[in-house]
Amino acid sequence: MKKTGTLGRVLTGAIAAVAVGAGTFGAVAASAEEAKPSAAGSAETAKGNLTESTHLSIAAATKAAQAALDAAQRGGQHVSVAVVDRDGNTLVTLRGDGAGPQSYQSAERKAFTAVSWNAPTSELVKRLAQAPGLKDIPGTLFLAGGAPVQVKGAPVAAVGVAGAPSGDLDEQFAQAGVAALGK
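Residues numbered from 1 in each chain as written. Predicted model: local features only at pLDDT ≥ 70, side-chain atom pairs only at ≥ 80, totals over all residues. Heavy atoms only, no water.

Participant: So what's going on with the sheet that holds strand 4 (residues 154-162)? Which residues, and what values?
Facilitator: With antiparallel pairing, the 4 strands of this open sheet are ordered in space as 2-1-4-3. Because the sheet does not close on itself, it has two edges, and the strands there are strand 2 (90-95) and strand 3 (146-151). On average, each strand axis in the sheet is inclined to that of its neighbour by 15°, with strand direction left out of account. Where strand 3 and strand 4 come together, 6 bridges link them in antiparallel fashion. Looking at the pairing, V149 lines up with A157 of strand 4. Running at roughly 155° to strand 4, helix 4 (residues 103-117) makes contact with strand 1 (80-85), strand 2, strand 3 and strand 4 of the sheet. Together, strand 3 and strand 4 form the strand contacts of helix 6 (residues 167-180), whose direction differs from that of strand 4 by roughly 135°. (Pairing = 2+ DSSP bridges. Helix = DSSP H or I, 4+ residues; strand = E, 2+ residues; numbered from the N terminus. Axes fitted to C-alpha atoms, helices over the stretch in contact; angles between N-to-C directions. Contact = heavy atoms within 4.5 Å.)

Participant: Now, about the pattern of salt bridges: what can you tell me, with residues and values included?
Facilitator: One pass over the full model with this rule turns up 3 salt bridges. Salt-bridge contacts for D170 lead to K110; the nearest nitrogen and oxygen are separated by 2.9 Å. Separated by 60 residues along the polypeptide, D170 in helix 6 and K110 in helix 4 bring together distant segments of the chain. For D170, a relative accessible area of 3% translates into the label buried. Residue K126 pairs with E123 through a salt bridge whose shortest N-O separation is 3.3 Å. Of this pair, K126 and E123 are both found in helix 5 (residues 121-127), 3 residues apart, which corresponds to roughly one turn of the helix. (Salt bridge = Lys/Arg side-chain N within 4 Å of Asp/Glu carboxyl O. Buried < 20%, exposed > 50% of the residue type's maximum accessible area, 1.4 Å probe, protein only.)

If you want it as structure tokens, here you go:
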């Protein structure tokens, strides 16, 4: 066992006291900030420092995903479907019976790509001829099968489908998901 001198015990005790004291001060400071109203917050809002955005509800995202999956099943295809929000975050994924293991991630990436550029991924594939570096952007997949959901022309979400034998079919099913939101 190692012997600690008096100075070592005092320093260890002082460090512990500082750590506990800092934690207590942080907790008190956080509570005090939460309790008092912030006049600065109101001024920032009044100056137009905030933006508003539109997001799909989980119910709407689920409706779109199920409509896309149903369209694929009617067409005899085994696919996965993903719906992402405006920021590319996955809201809903459905993996159809018999869908390949790669289809799940591909559907998410197609949806992410469609919402990022506010265009169907079949259109984006055509842009690669002029800008081949686009395909190197992380998280994207430039294959047909992704369709954006728009409100007043702005992207608010996207539906991605993967697993059919062609991207054209995947995109047809993704469009069925988007169309279901208008019903």
